[in-house]
Amino acid sequence: MSSSSALVEKLISALQIMPGIGPVSAARIAYYLLDRKRQEGVAMSETVKYALEHVSLCPRCRNYTDVENTECELCSGTKRRQSGLLCIVETPGDVQALENSGSFLGTYFVLHGHLSPIDGIGPQELGFPLLQHCFEDPVLKEVIIAVGQTVEGEATAQFIAAMAHKRNLKVSRIATGIPIGGELSSTDGHTLENSINFRRPY
Ligand SMILES: [Zn+2]
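Residues numbered from 1 in each chain as written. Predicted model: local features only at pLDDT ≥ 70, side-chain atom pairs only at ≥ 80, totals over all residues. Heavy atoms only, no water.

Description of unusual backbone geometry
Threshold: Helix and strand assignments follow DSSP, with helices taken as H or I runs no shorter than four residues and strands as E runs no shorter than two, numbered in order from the N terminus. With a 1.4 Å probe rolled over the protein chains alone, any residue whose accessible area is under 20% of its type maximum counts as buried; one over 50% counts as exposed, and the rest are partly exposed.
Positive phi, normally seen in glycine, also occurs at Arg62, with a value near 70 degrees. Summarising the element assignment, Arg62 is placed in the loop between strand 1 (56–57) and strand 2 (64–65). Using a relative accessible area of 12% as the deciding quantity, one classes Arg62 as buried. Although it is not a glycine, Asn168 adopts a positive phi angle of roughly 60 degrees. Summarising the element assignment, Asn168 is placed in the loop between helix 8 (151–166) and strand 6 (170–173). Exposure remark for Asn168: the relative accessible area of 72% places this residue in the exposed category.

Written out as C-alpha cells, the structure reads:
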C-alpha cells in the first residue's frame, strides 16, 4: 500500500501494531483521523503515550497501577486481605471481569500469561517468586486458581497448586460447566463431562 505522503504511510504502518488491525483497517483509521478527528487523535495519542510511560506493575499482585513501586488500590485496602482469599488469574482483564461481576472480594495475583516453555515463558516470567512471597502471608487461607481451561492453563494450575500445598494452603480451581442460560444440547462434550464430574450437592 502506498500513498502520496510518507507521513501517512508511517501512520498507517504504526496503527498496525493493534491486534486485529491489518493494512486496510489501518488505512481506514488513518484517513478517518486525518479527515475528521485531528484534535481528538492528538489527545488520544498523548493519553496513550502517558499511560504507556507511567502505568507499572503493582509490586504485590502484578496488576497495573498508576504509581511505580506502589501497591494498587485493590491491594492497599486491608479489608480484602483480611478475607484470606487470593485469586490467581492470567491477565489484568480477568481481574476487571471478576471485579465487574462483584463476585469476589479477596485479593488477586496476575500472572500475565501461562506456562509456555516453547515461548520461553516459565515460572520466573509469571512472577512465581513473588507469588511464593504472597503465599507466606499469615492471613492467607485459600488460593483460588482462575486460569484458563486450556492445556497450558492446566499445567500452570498444577504448578501453582503444588507451590500452595507446600505452604499447607487450601487450593481450589474455579468451576467449569454449563453457562447460565445455556442448554445441554448445545454444550460441547468436554464441558458436559466437567459439569458431570464436578457436580455439586443441591
Ligand atoms: Zn496490587
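What about the pairing of strand 4 (residues 107–110)?
Across a regular strand the side chains alternate sides, sitting on one face of the sheet and then on the other. What counts, and what does not: Two strands pair under a simple rule: DSSP has to find at least two bridges between them.
Where burial is concerned, the two faces of strand 4 agree: the one with Thr107 and Phe109 and the one with Tyr108 and Val110 are both buried. Note: strand 3 (residues 85–89) against strand 4, four bridges, orientation parallel. Within the sheet, the bridge partner assigned to Ile88 lies in strand 4 and is Phe109.

Topic: helix 1 (residues 6–15)
The condition is simple: Note: the arc covers the axis-to-C-beta directions of the helix. Identification of polar contacts relies on pairs of N or O atoms within 3.5 Å, with a donor-acceptor requirement for protein atoms, meaning one able to donate a hydrogen and the other able to accept it, and with residues adjacent in sequence counted only if both atoms are side-chain atoms.
Taken residue by residue, helix 1 has Val8, Ile12 and Leu15 as its buried positions. Projected down its long axis, helix 1 shows its buried positions confined to an angular sector of 65 degrees, all on one face. Exposed and facing more than 90 degrees away from the buried side of helix 1 are Ala6, Leu7 and Lys10. Looking at where helix 1 begins, the residue whose side-chain oxygen comes 3.1 Å from the main-chain nitrogen of Leu7 is Ser5.

Some thoughts on the coordination of the zinc ion
The test is simple: Here the term donor refers to an N, O or S atom within 2.8 Å of the metal (or 3.2 Å for Na, K and Ca), and because water is left out of the atoms, sites may appear incomplete. Sites are called tetrahedral only when four donors show all angles between 85 and 135 degrees, square planar or octahedral only when four or six donors show opposite pairs over 155 degrees and all other angles between 65 and 115, and irregular in any remaining case.
The zinc ion binds to the protein through Cys58 (SG), Cys61 (SG), Cys72 (SG) and Cys75 (SG), with metal-donor distances spanning 2.3 Å. One way to put it: the four donor atoms around the zinc ion meet at angles of 104 to 117 degrees, and that makes the site tetrahedral. Of note, the zinc ion draws all its donor residues from one chain, in the sequence arrangement C-x2-C-x10-C-x2-C. Here the residue Cys58 occupies a position in the loop between strand 1 and strand 2, and Cys72 occupies one in the loop between strand 2 and helix 4 (73–76), the gap between them amounting to 14 residues. Cys72 carries the same exposure label as Cys58, and that label is buried.

Overview of the domain arrangement of the protein chain
Test applied: All domain edges in this entry derive from an automatic or database-based domain assignment.
Under the domain assignment, the protein chain is made up of domain 1 (6–54) and domain 2 (73–173). Just the C-alpha atoms count here: the centres of domain 1 and domain 2 sit 35 Å apart.

Concerning the packing of helix 2 (residues 23–36) against helix 3 (residues 38–54)
Convention followed: Axes here refer to lines fitted to C-alpha atoms; in helices the fit is confined to the stretch in contact. Angles between the N-to-C directions go from 0 to 180 degrees. Roughly parallel means an angle under 35 degrees; roughly antiparallel means over 145; roughly perpendicular covers 65 to 115; every other angle is labelled oblique. Contacts are assigned to residue pairs that have any heavy atoms within 4.5 Å of one another. Residues are sorted three ways: Asp, Glu, Lys and Arg are charged, Ala, Val, Leu, Ile, Met, Phe, Trp, Tyr, Cys and Pro are nonpolar, and all the rest, Gly among them, are polar.
For the pair helix 2 and helix 3, the least separation of the axes is 6 Å and the interaxial angle reads 120 degrees. In terms of their interaxial angle, helix 2 and helix 3 are classed as oblique. Facing helix 2, whose interface residues are Leu33, Leu34 and Arg36, helix 3 presents Arg38, Glu40 and Gly41. Tallied by class, the residues present in the contact of helix 2 with helix 3 amount to two nonpolar, one polar and three charged.

Description of helix 2
As a reminder of what qualifies: One less than the residue count of a helix, multiplied by 1.5 Å, gives the span that helix is expected to have.
Compared with the 20 Å implied by 1.5 Å per residue over 14 residues, the 20 Å span of helix 2 between its first and last C-alpha is a close match. If you check which residues of helix 2 are buried, you get Ala26, Ala27, Ala30 and Leu33. Buried residues of helix 2, viewed axially, fall in a sector of 130 degrees; they line one side. Looking at helix 2, the residues exposed on the side facing more than 90 degrees away from the buried face are Val24, Arg28, Asp35 and Arg36. Packing partners of the buried residues in helix 2 comprise helix 1 and helix 3.

A word on the nonpolar core
Short version of the rule: Side-chain atoms within 4.5 Å are what join buried Ala, Val, Leu, Ile, Met, Phe, Trp, Tyr and Cys residues into a set we call a nonpolar core.
If you look at the biggest cluster of nonpolar residues, it comprises 20 residues, and the most contacted ones within it are Ile88, Leu131 and Phe135. Counting only elements with at least two residues in this core, the list comes to strand 3, helix 7 (128–135), strand 5 (142–145) and helix 8. Considering every element that reaches this core, the biggest residue donor is helix 8, with five residues. Beyond its immediate sequence surroundings of up to four residues, Ile88 is in contact with Phe109, Leu111, Leu131, Phe135, Val143, Ile144, Ile145, Ala146, Val147 and Ile160. Of all hydrophobic cores here, the second largest spans eight residues; its members include Val89, Phe104, Tyr108 and Ile144.

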